[in-house]
Amino acid sequence: MQSAVVSTQTEKDTVQASVRRRRRFPAGLLVAGLAIAAAVIYLIVANTRTSAVYYMTIAELKHCTTCSSQAVRVAGVVQPGSIERHDQTLSFVITDNQQSLPVVYSGVVPDIFRAGIQVVVEGYYHGQGTFEAQTLLAKCPSKFQAATPTPGNS
């Protein structure tokens, strides 16, 4: 009788020991997981900082005191009659119906760029004068019309 009790107790201890071994989480795996998570978070934060650009209105840009050292984006409508092309630079004025901002840009000009179209310029503003754009984005019109075929081109 006593040997049966001892045998049952031994089996019970063996089962509990195996359960404890299964429940124990390996510390090395936890450390590796934390290191990978930290690396992913670092990459996300580092890439966001390098590609993040403030988006401002013309009024906000003119009152900004720290914008001379960082790139900003400004949206506006190209003022009619303000587009001037010089050698490889393009100068124009954008407006938001309240204030205007002269812009100088040298680069590839979008095909749809013209007076009266909404644009977004990205670059640097040194407090007064012109905005030095490094990127010029023209907003597509919200309404597209099919080209009318002419008899000679079809």
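Quantities reported herein were computed from a predicted structural model and do not represent experimental measurements.

Draft legend 1. Expanded view of the nonpolar core. By size, the foremost hydrophobic cluster in this structure holds 22 residues, and its most contacted members are Leu61, Val74, Phe92, Ile94, Val119, Val121 and Phe131. Taken together, the elements giving at least two residues each to this core come down to α3 (58-63), β2 (72-78), β4 (89-95), β5 (100-105), β6 (118-125) and β7 (131-138). No other element matches β7, which puts 4 residues into this core. When residues no more than four places from it in sequence are discounted, the contact partners of Val119 are Val74, Ala75, Gly76, Val78, Phe92, Ile94, Phe113, Leu136, Leu137 and Ala138.

Draft legend 2. Representation of a nonpolar patch on the surface. On the surface, a nonpolar cluster with roughly 440 Å² of combined accessible area is contributed by Phe25, Leu29, Leu30 and Leu34. For Phe25, the position within the fold is in the loop between α1 (2-23) and α2 (27-51).

Draft legend 3. Summary view of the pattern of salt bridges. For the coordinates displayed, the defined rule picks out 1 salt bridge. The salt bridge involving Arg73 is made with Glu122; its shortest N-O contact spans 2.8 Å. Here Arg73 is found in strand β2, whereas its partner Glu122 is found in strand β6, with 49 residues between them in sequence.

Draft legend 4. Inspection of α2 at higher detail. Counted at 1.5 Å a residue, the expected span for α2 with its 25 residues is 36 Å, and the 37 Å between its end C-alpha atoms agrees. Sparse coverage of α2 is indicated by the burial of 0 of its 25 residues.

Draft legend 5. Summary view of the environment of Leu101. Of note, Leu101 is situated in strand β5. When its relative accessible area of 0% is taken as the criterion, Leu101 is described as buried. For the pair Leu101 and Gln128, spaced 27 residues apart in sequence, the C-alpha to C-alpha distance is 9.6 Å. The contacts of Leu101, once residues within four sequence positions are left out, are Ile58, Leu61, Lys62, Val74, Phe92, Val93, Ile94, Tyr125 and Phe131.

Draft legend 6. Spatial organisation of the side chain of Thr95. For Thr95, the location among the structural elements is in strand β4. With relative accessibility at 18%, the residue Thr95 sits in the buried group. A distance of 3.2 Å separates the side chain of Thr95 from the backbone nitrogen of Asn97, its partner in a polar contact. Polar side-chain contacts of Thr95 include one of 3.1 Å to the backbone oxygen of Gln99. In contact with Thr95, not counting residues within four places along its chain, are Ile58, Gly76, Val77 and Ser100.

Draft legend 7. Looking closely at the pairing of β6. Where burial is concerned, most of β6 is hidden: 6 out of the 8 residues are buried. Bridge count for β2 against β6 is 6 bridges, and the pairing is antiparallel. Bridging from a neighbouring strand, Val77 pairs with Gln118 of β6. Here β6 hands over to β7 after 5 residues, with Gly127 in that stretch at a positive phi of 100 degrees.

The rules behind each value
Residues numbered from 1 in each chain as written. Predicted model: local features only at pLDDT ≥ 70, side-chain atom pairs only at ≥ 80, totals over all residues. Heavy atoms only, no water. Core = buried A, V, L, I, M, F, W, Y, C linked by side-chain atoms within 4.5 Å. Buried < 20%, exposed > 50% of the residue type's maximum accessible area, 1.4 Å probe, protein only. Helix = DSSP H or I, 4+ residues; strand = E, 2+ residues; numbered from the N terminus. Contact = heavy atoms within 4.5 Å. Patch = residues over 30% accessible without salt bridge, like charges linked within 9 Å, V, L, I, M, F, W, Y side chains within 5 Å. Areas by Shrake-Rupley, 256 points an atom, 1.4 Å probe, with all protein chains shown as cover. Salt bridge = Lys/Arg side-chain N within 4 Å of Asp/Glu carboxyl O. Expected span 1.5 Å × (residues − 1). Polar contact = N/O pair within 3.5 Å; in protein donor to acceptor, adjacent residues only side chain to side chain. Pairing = 2+ DSSP bridges.

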